[in-house]
Amino acid sequence: MHYIITALGCKVNQYEAQAIETLLHPHGFTAAGEGDPVDLIVVNTCAVTAEGGRKSRQMIRKLREEHPQALCAVCGCWSQLSPEDAAAIGADVVHGSGSKQAFVDDILRALREHTPVTCVDNPFRRFDFEPLPAGAAYGRTRAMLKIQDGCNHRCTYCIVWKARGPERSVPVESVLEQVREAQEAGVPEVVLTGVNLGAYDGKSATDEHVEIDELLEAIMERTSIPHVRISSVEPMDISERLLKVMARYPQRIAPFLHLPVQSGSDRLLKEMNRHYNVAQYMDLIRYAKEKIPGVTFSSDIIVGFPGETEEDFAATLDLIREVGYMQLFTFIYSKRTGTKAAQLPDPT
């Protein structure tokens, strides 16, 4: 049987899509090639912005129209928040952001019994981390490895914490095992990902809690994977220890940090419930440049947050120029029902 799988949004979704592929293959599924009949469509949806939700709906409709004979299975943050909408536009199997093994099991059940399945759990009752195969399926040279899920920050513009639930992390030994598996499969690079990666707090074999810098050092010392990259980390979660570990292994840890700043205005950062100010952010940038030779940065910027003025926008442009980002991801503010920012006045 042939499948098409699409992931919208973040690297966590990319990882989960690769893990779903790995779970499907033992059941006789292979990726559809040019001209192959398609038996299964999988869409891992995004809800980080209103545009992410729109693109998720658009992708489901598009693939459904192109392959009307295929089973359409949908999971991810958007379907977690809007399962009825996902079913209404043609999804046969609807799951949220929860168990991917259960998602695959329900795909198999729907194919076998020819009946639709909707199963969306309560994300705030997730307390354990689901072990999944490393996202390094079938010839890829970079393995996504999700080591953390959920977020407790409650940024006022964000809906994702409602879709993902509380923070939880993979135990250290499990992370090391998956890194070694990727290494033995010939994958030269692993990318550590998470919904809030800097909140990693996995347990060690002695039941002690280990933070992201300690985990990164353990990977360096206890595996021989050639290259490790860390994905997005919130500025308030970056420690001096993490930067020193990165500096200690310049040949194996990518000298790159994605530090979402969102705005260069202290007033807006406070409204967004971001736990830093511009001066603290710039101190972090300068310290990273000092400690890690050749370090580069990328970031996220929100434009049009409620009440943003020309002065706020100019402050953001000043910050961008001062940092000198290698890459920027800019987003027009999305008003999301259920967020605190949706209640803010917007006189502009």
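See the structure shown above.
Residues numbered from 1 in each chain as written. Predicted model: local features only at pLDDT ≥ 70, side-chain atom pairs only at ≥ 80, totals over all residues. Heavy atoms only, no water.

Trainee: Describe the overall build of the protein chain, naming the residues involved and giving the relevant values.
Mentor: Across its full length, the protein chain carries twelve helices and 15 strands. For 348 residues, the compact-globule formula gives about 20 Å, and the C-alpha radius of gyration of the protein chain, at 21 Å, lands near that figure. Along the longest, intermediate and shortest principal axes, the C-alpha atoms of the protein chain span 60 × 55 × 40 Å. Counting every position in the protein chain, which comprises 348 residues, the buried fraction comes to 53%. (Helix = DSSP H or I, 4+ residues; strand = E, 2+ residues; numbered from the N terminus. Rg over C-alpha atoms; globule rule 2.2 N^0.38 Å. Buried < 20%, exposed > 50% of the residue type's maximum accessible area, 1.4 Å probe, protein only.)

Trainee: Give a description of the sheet that holds strand E7 (residues 142–149) that names residues and reports values.
Mentor: If you walk across this open sheet you meet the four strands as E8-E7-E9-E12, and the pairing is mixed. The open sheet has two free edges, formed respectively by strand E8 (168–169) and strand E12 (227–230), since each of these has just one partner strand. Sheet strands touched by helix H1 (residues 11–24): E7 and strand E9 (189–194). Its angle to E7, the strand with the most contacts, is close to 110 degrees. The strands touched by helix H8 (residues 212–222) are E7, E9 and E12; relative to E12, the strand with the most contacts, the crossing angle is about 165 degrees. (Pairing = 2+ DSSP bridges. Contact = heavy atoms within 4.5 Å. Axes fitted to C-alpha atoms, helices over the stretch in contact; angles between N-to-C directions.)

Trainee: Explain the pattern of salt bridges to me, and be specific about the residues and the numbers.
Mentor: All told, the structure shown has 22 salt bridges when counted by the stated rule. With a closest N to O distance of 2.7 Å, Arg126 and Asp121 form a salt bridge. The class of Arg126 is buried, set by a relative accessible area of 9%. Judged by relative accessible area, Asp121 falls into the partly exposed class, the value being 36%. (Salt bridge = Lys/Arg side-chain N within 4 Å of Asp/Glu carboxyl O.)

Trainee: How would you sum up the nonpolar core? Please name residues and give values.
Mentor: Ile147, Ile219 and Tyr281 are the most contacted members of the largest nonpolar core, which totals 81 residues. Ranked by residue count, the leading element in this core is helix H11 (residues 278–291), at seven residues. Setting aside anything within four residues of it in sequence, one finds Ile147 in contact with Phe129, Arg168, Ser169, Val170, Val175, Leu192, Thr193, Leu197, Tyr200, Ile212 and Leu215. The next biggest cluster of nonpolar side chains, apart from the first, holds 22 residues, and it includes Tyr3, Tyr15, Ala19 and Val104. (Core = buried A, V, L, I, M, F, W, Y, C linked by side-chain atoms within 4.5 Å.)

Trainee: Explain the packing of aromatic side chains to me, using residue names and the numbers behind them.
Mentor: Within this structure, the stated rule accounts for three aromatic pairs. Each ring, one from Phe124 and one from Trp161, has its centre 6.0 Å from the other, and the planes form 65 degrees; the classification is edge-to-face. Of the two residues, Phe124 sits in the loop between strand E6 (117–119) and E7 while Trp161 sits in helix H6 (residues 160–164), which places them 37 residues apart along the sequence. A relative accessible area of 35% means that Phe124 is categorised as partly exposed. Arranged with centres 6.1 Å apart and planes meeting at 35 degrees, the rings of Tyr276 and Tyr281 form a pair that is tilted. Taking relative accessible area as the criterion, Tyr276 reaches 8% and is therefore assigned buried. Under the relative-accessibility criterion, Tyr281 is labelled buried at 1%. (Phe/Tyr/Trp six-rings, centres within 6.5 Å; stacked < 30°, edge-to-face > 60°.)

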